[in-house]
Amino acid sequence: MFINFFFDLKQASLPVSLKEYLMLMEAMNKRVVDSFNVNDFYYLSRSALVKDERYLDKFDRVFGHSFKGLETSEGETEKEIPEEWLKLMGQKYLTDEEKKMVESLGGWDKLMETLKQRLEEQKKRHQGGSKWIGTGGTSPFGAYGYNPEGIRIGQKESRNKKAVKVWDKREFSNLDGDVELGTRNIKVALRRLRKFAREGVESELDLDNTIKSTAHKGYIDVKMMPERRNKIKVLLFFDVGGSMDAHVKICEELFSAARTEFKHMEYFYYHNCLYDAVWKDNNRRYNENIKTWDLLHKYPSDYKVIFVGDAEMSPYEITYPGGSVEFWNEESGETWLTRLLNVYENAIWLNPIPERYWDRISSASIIKQIFSDRMFPLTIEGIDQAMRELNK
Amino acid sequence: MKFEGTSSYIATEDLKVAVNAAITLERPIIVKGEPGTGKTMLAHEVAQSLGAEIITWHIKSTTKAQQGLYEYDAVTRLRDSQLGDEKVKDIKNYISKGKLWNAFESNKRPVLLIDEIDKADIEFPNDLLLELDKMEFFVYETGETIKAENRPIVIITSNNEKELPDAFLRRCFFHYIKFPDPDTMEEIVNVHYPEIKKDLIQEAFKIFYDIREVPGIKKKPSTSELIDWLKLLMTDDVDAKILREKDPKKLIPPLHGALLKNEQDVHLFERLAFISRRENENLE
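Residues numbered from 1 in each chain as written. Chains lettered and ligands numbered in written order. Predicted model: local features only at pLDDT ≥ 70, side-chain atom pairs only at ≥ 80, totals over all residues.

A. Inspection of the overall build of chain A at higher detail. The helix and strand inventory of chain A stands at 19 helices and 9 strands. Relative to its 392 residues, chain A shows a buried fraction of 31%. In chain A, the share of contacts with a sequence separation of at least 24, taken over all contacts with a separation of at least 6, comes to 70%. (Helix = DSSP H or I, 4+ residues; strand = E, 2+ residues; numbered from the N terminus. Buried ≥ 20, exposed ≤ 12 C-beta atoms within 10 Å, placed from the backbone. Contact = placed C-beta atoms within 7 Å.)

Put into structure tokens, the structure is as follows:
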């Protein structure tokens, strides 16, 4: 019965599964809620189908869309026209096509009349309505009157204010996953990159082994084992200065999250592109830099490499020797990046610029190509995908 | 069995629907939300309103799923065996029951609260998947199967420190407690302090919601902090007039320690007060 709604949700790429749909059906079957009440159905389906507050907003939108025009059978007396109406009016102007549609519904004059009538009724019942009933005949209202959708919304709203409002309010919009980024969320995303192993000092009691060994020998023989640790090792490269200044905050967050999440982590700074040296302290970058060659030799190839940068520069800075804006580089940035990628199999690039702009920045496209498409946006989603890629 | 909220707990309509769905379908419900929105309270209130026993299992970073089922105390048995204790012959003496076992054994349908499940290791929820789904588990040491006589009402809270696995989520109902709007908040406050003055509430709410709106604030004050603050205001008998004070010199609300829990936030607030004071002086 609600199969279309389910597919709408799927289409909006909400992670819903058949099991959850069946659960909802079971709940409807057992009459958890009165099945004629839309509000209750909305609450129930939300609780059964959405499992993460990030998706609540999307769910509200799909619900609003799937059950558009749905009216409730109760609350007829509740009449109040909210201020949103006024705003809507200003926004909606109709095309000729739509006007024709109104005509087919009985002509817009008639519709306008009913609307006016309704507004009159409202006035008697509600003080709030009086403010703008007077403006009913003026142009913004006329524009609204044209709108078949507008009138329909009107019916819904006036019959039962609550019915549409609950999901139309979109209270959860700021919980949407693509927007919010805090260190905690980054940590959760970084946790994808884990590989546990017991290595090092034997500091924990190995109970099973102790029992076995004790039974075997006839006296208590304590066995120890090393603690379980995440043995992922990471090299982080941060682009600093220039166009990256706009992204300082998110880089800070990523850095602090990565520092707590990875025990074995080394970080380095570079500017725009990787050349023959990187540095660890921005104040002393000219005195205390580290040769890239040394770096490639020092850290074994099981390190995972994460580059953070907007990859926004002149293409020459990547492809030509001497292209760097800061000094004369003997070899091109591309050479250095390829060298690094030859050593470290698992490497990705995180870009704070939204993905849709990458194609328009030629330097970003070049780097993406060098990284064989392993460039991800610096959002929770992006980090998540990037970590999966690194885990491969 | 239907949960309708209690005299000491204001449950919104959507929360009631979610809880009742979980009760009827005998499935766990996961409750998330900002700290201080009453996630843990919910389980206690559900138990109280249904007249059921509550069993709480607080999760720590070191908690293992097995501990919820049972623990086998091998070390004590080992020691007893060395001393030739009679007890050693029966393995049952060394098995201590976990919270889940207790809940399954209960002869009246209990409420089982698994508090802050996200504190545990990332694999923890997966380890409980079957146990919570089938409501039974197997004790290897004695070879018996423990099956729930009455499927407990399982309420799980999470603070979102870790993502929960999909397979686990699919078996549960979910509810996100959003921060209460002023109307609901007033109901909540009335439940806690029925004798509070109306005008004090109004002014206090204004300040409270204003603070929550301050951009860049690190820790937004929550419901429980508002309740504490109101209590302080009442015991100190602060007049509503003082809260209404528009004098920017007194922009920082009285007894702000209850609302701002972080020195950076206090600094931020002081700085804002300073800026607005300077602007006012310039105007003059």
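B. Region of the structure containing the overall build of chain B. When helices and strands are counted, chain B shows 13 helices and 9 strands. Out of the 284 residues belonging to chain B, those deemed buried represent 29%. In chain B, the proportion of contacts linking residues at least 24 apart, taken out of those at least 6 apart, comes to 76%.

C. Structural detail: the interface of chain B and chain A. Each side of the interface is counted separately: chain B has 23 residues, and chain A has 27 residues. Of all the elements in the fold, those that place two or more residues in the side of chain B that touches chain A are α1 (13–25), α4 (74–83), α8 (166–170) and β9 (173–177) of chain B. Per-element tally for the side of chain B that touches chain A: the top contributor is α1 of chain B, with 8 residues. For the side of chain B that touches chain A, the class distribution of residues is 11 nonpolar, 3 polar and 9 charged. (Nonpolar A, V, L, I, M, F, W, Y, C, P; charged D, E, K, R; others polar.)

D. Here's a closer look at helix α11 (residues 223–235) of chain B. All names here are of chain B. Across its 13 residues, α11 extends 19 Å between first and last C-alpha, which sits within 8% of the 18 Å expected from 1.5 Å per residue. Along α11, the positions that sit buried rather than exposed are Thr-223, Leu-226, Trp-229, Leu-230 and Leu-233. With its buried residues spanning 120° around the axis, α11 presents them on a single face. Contacts made by the buried residues of α11 are with α9 (182–192) and α10 (198–213). Among the residues trailing α11, Asp-237 stands out with phi positive, at a value near 55°. (Expected span 1.5 Å × (residues − 1). Arc of directions from axis to C-beta.)

E. Local environment of unusual backbone geometry. With a phi angle near 65°, Asn-272 of chain A is a residue other than glycine that sits in the positive phi range. If you trace the backbone, Asn-272 of chain A turns up in the loop between β4 (264–270) and β5 (277–279).

F. Quick peek at the environment of Arg-198 of chain A. Within the secondary structure, Arg-198 of chain A sits in strand β1 (residues 196–205). Those residues in contact with Arg-198 of chain A, other than ones at most four positions away along the chain, are Met-225, Pro-226, Glu-227 and Arg-228 of chain A.

G. Spotlight on the nonpolar core. Counting residues in hydrophobic clusters, the biggest one holds 69 residues, and the most contacted among them are Leu-44 of chain A together with Ala-18, Ala-21, Ile-29, Val-46, Leu-112 and Ile-155 of chain B. Setting aside residues no more than four positions away along its own chain, Leu-44 of chain A makes contact with Leu-24, Ala-27, Val-32 and Val-33 of chain A together with Val-17 and Ala-21 of chain B. Within the second largest apolar cluster, 41 residues are counted, among which are Ile-318, Trp-336, Leu-337 and Met-387 of chain A. (Core = buried A, V, L, I, M, F, W, Y, C linked by C-beta atoms within 7 Å.)

H. Region of the structure containing the packing of α9 of chain B against α10 of chain B. Residue and element names in this part refer to chain B. Two elements in contact, α9 and α10, have axes separated by 12 Å at closest approach and are oriented at 125°. Taken together, α9 and α10 sit at an angle that is classed as oblique. Both α9 and α10 take part in a crossing whose hand is right-handed. Where α9 abuts α10, its residues Pro-182, Met-185, Glu-186 and Val-189 lie against Ile-201, Phe-205 and Tyr-209. Split into classes, the residues belonging to the contact of α9 with α10 amount to 6 nonpolar, no polar and 1 charged. (Axes fitted to C-alpha atoms, helices over the stretch in contact; angles between N-to-C directions. Parallel < 35°, antiparallel > 145°, perpendicular 65-115°, else oblique. Left-handed = near helix turned anticlockwise from the far one by under 90°.)

I. Quick look at the sheet that holds strand β5 (residues 111–115) of chain B. Residues and elements named next belong to chain B. What the 5 strands build is an open sheet, ordered β2-β5-β8-β1-β9; its pairing is parallel. The outermost strands of the open sheet, each flanked by one partner alone, are β2 (54–58) and β9. Shown here is a sheet whose adjacent strand axes are inclined to one another by a mean of 20°, direction ignored. Note that β2 and β5 share 5 bridges and pair parallel. (Pairing = 2+ DSSP bridges.)

J. Just the pairing of strand β7 (residues 144–147) of chain B, in detail. The pairing of strand β6 (residues 136–139) of chain B with β7 of chain B spans 4 bridges and is classified as antiparallel. Within β7 of chain B, the residue paired with Glu-136 of chain B across the bridge is Lys-147 of chain B.

K. Structural context of the confidence of the model for chain A. All names here are of chain A. When the pLDDT values of chain A are averaged, the result is 72; 67% of them are 70 or greater. Of the regions scoring below 50 in pLDDT, residues 71–84 engages in 26 contacts with residues more than four places distant in sequence or in other chains. Of the regions scoring below 50 in pLDDT, residues 123–165 engages in 69 contacts with residues more than four places distant in sequence or in other chains. (pLDDT = per-residue confidence, 0-100.)

L. Spatial organisation of the packing of helix α1 (residues 3–11) of chain A against helix α4 (residues 56–66) of chain A. Residue and element names in this part refer to chain A. In contact at an axis separation of 10 Å, α1 and α4 are set at 140° when each is read in the N-to-C sense. Here α4 runs oblique to α1, going by the angle between their axes. In the packing of α1 onto α4, the handedness of the crossing is right-handed. Across from Asn-4, Phe-5, Asp-8 and Leu-9 in α1, the residues of α4 making contact are Val-62, His-65 and Ser-66. Here the contact of α1 with α4 is built from residues that sort into 3 nonpolar, 3 polar and 1 charged.

M. Region of the structure containing the pairing of strand β3 (residues 233–239) of chain A. Residue and element names in this part refer to chain A. Of all 7 residues in β3, 6 are buried, a share of seventy percent or more. Here β3 pairs with β4 via 7 bridges, running parallel. The residue bridging Val-234 from the neighbouring strand is Met-265, located in β4.

N. Structural context of the environment of Gly-322 of chain A. All names here are of chain A. Looking at the element boundaries, Gly-322 is found in the loop between α16 (316–319) and α17 (333–343). Judged by the 12 C-beta atoms lying within 10 Å of it, Gly-322 falls in the exposed class. Separated by 11 residues in sequence, Gly-322 and Gly-333 have C-alpha atoms that sit 9.3 Å apart. When near neighbours in sequence (up to four residues on either side) are disregarded, Gly-322 contacts Trp-328 and Asn-329.

O. Summary view of the environment of Leu-295 of chain A. All names here are of chain A. The residue Leu-295 is located in helix α15 (residues 292–298) in this model. Residue Leu-295 is classed as partly exposed on the basis of its 18 C-beta neighbours within 10 Å. Spatially, the C-alpha atom of Leu-295 lies 9.0 Å from that of Val-278, the residues being 17 residues apart in sequence.

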